[in-house]
Amino acid sequence: MSQEIKDFFEKFKHDIAKMKEQTPDVTSGFAGLFHKVMRDGALSLREKELIALGIGVADCCVPCIRGHVENCLDARATKEQILEAVCVAVVMGGGPAYTYIPVVIDTLETLMAE
């Protein structure tokens, strides 16, 4: 795993623990919302994760991108599905979103190499 991406995931685990301790209401509220929404329904979990990844790219949010690339893979999205979702995000987000494609590719390649 690329050291930068490995460091990101390790730090994010610690950040979540700090957030749970220091902002418990927000953290538990968001976690509850996340778990209620991000499951199979009219849309599959995989479809929802691809949408979430696209929004992360369109919003230029590196933590969102890295987390949702991992979630997409966990939901059995293929590399091709992930990249296609990212391309849709670029249509909506334009040039700024386009510059985040390498973040997706690096994260994807690192996680798929494990």
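Nothing here was measured: the structure is a model prediction, and the numbers come from that model.

Caption draft 1: Expanded view of the overall build of the chain. When helices and strands are tallied, the chain shows six helices and zero strands. Along the first, second and third principal axes, the C-alpha set of the chain runs to 40 × 35 × 30 Å. For the chain, with 114 residues in total, the buried portion stands at 29%. Look at the contacts in the chain between residues 6 or more apart in sequence, and 62% of them connect residues 24 or more apart. Taken as a whole, the chain presents about 7400 Å² of accessible surface, with 60% of it coming from carbon and sulfur. When the 12 positive and 17 negative side-chain charges of the chain are each reduced to one mean point, those points stand 5 Å apart.

Caption draft 2: Region of interest: helix α1 (residues 3-22). Its 20 residues give α1 an end-to-end C-alpha distance of 28 Å, which sits within 8% of 28 Å, the value for a rise of 1.5 Å per residue. For α1, the set of buried residues is Ile5, Phe8 and Phe9. Seen along its axis, α1 keeps its buried residues to an arc of 90°; they face one direction. Away from its buried face by more than 90 degrees, α1 exposes Lys11, Lys13, Lys18, Glu21 and Gln22. Residues of α1 that are buried make contact with α4 (62-74) and α6 (101-113).

Caption draft 3: Just the side chain of Arg66, in detail. Structurally, Arg66 is set in helix α4. For Arg66, the side chain forms a polar contact with the side chain of Glu4, separated by 3.2 Å. Side chain to side chain, Arg66 and Thr107 meet in a polar contact 3.5 Å long. In contact with Arg66, other than residues within four places in its own chain, are Glu4, Ile5, Phe8, Phe9, Val103 and Thr107.

Caption draft 4: Up close: the pattern of salt bridges. Here the structure, examined in full by the defined rule, presents two salt bridges. Note that Arg66 is salt-bridged to Glu4, the shortest N-O span being 3.2 Å. Of this pair, Arg66 sits in helix α4 while Glu4 sits in helix α1, placing them 62 residues apart in sequence. The partner of Lys11 in a salt bridge is Asp15, and the shortest N-O contact between them spans 2.9 Å. Highlighted residues: Lys11 and Asp15, both in helix α1, separated by four residues, approximately one helical turn. You can call Asp15 partly exposed: its relative accessible area is 22%.

Caption draft 5: Here's a closer look at the state of the cysteines. With the rule as written, the count across this model stands at one disulfide. The disulfide bridge from Cys61 ends at Cys64, spanning 2.3 Å between sulfur atoms. Across the S-S bond linking Cys61 and Cys64, the dihedral sits near 65°, which makes this disulfide right-handed. Judged by its relative accessible area of 30%, Cys64 falls in the partly exposed class.

Rules used in this analysis
- Residues numbered from 1 in each chain as written.
- Predicted model: local features only at pLDDT ≥ 70, side-chain atom pairs only at ≥ 80, totals over all residues.
- Heavy atoms only, no water.
- Helix = DSSP H or I, 4+ residues; strand = E, 2+ residues; numbered from the N terminus.
- Buried < 20%, exposed > 50% of the residue type's maximum accessible area, 1.4 Å probe, protein only.
- Contact = heavy atoms within 4.5 Å.
- Areas by Shrake-Rupley, 256 points an atom, 1.4 Å probe, with all protein chains shown as cover.
- Lys, Arg positive; Asp, Glu negative; His and termini not counted.
- Charge placed at Lys NZ, Arg CZ, Asp CG, Glu CD.
- Expected span 1.5 Å × (residues − 1).
- Arc of directions from axis to C-beta.
- Polar contact = N/O pair within 3.5 Å; in protein donor to acceptor, adjacent residues only side chain to side chain.
- Salt bridge = Lys/Arg side-chain N within 4 Å of Asp/Glu carboxyl O.
- Disulfide = S-S within 2.5 Å.

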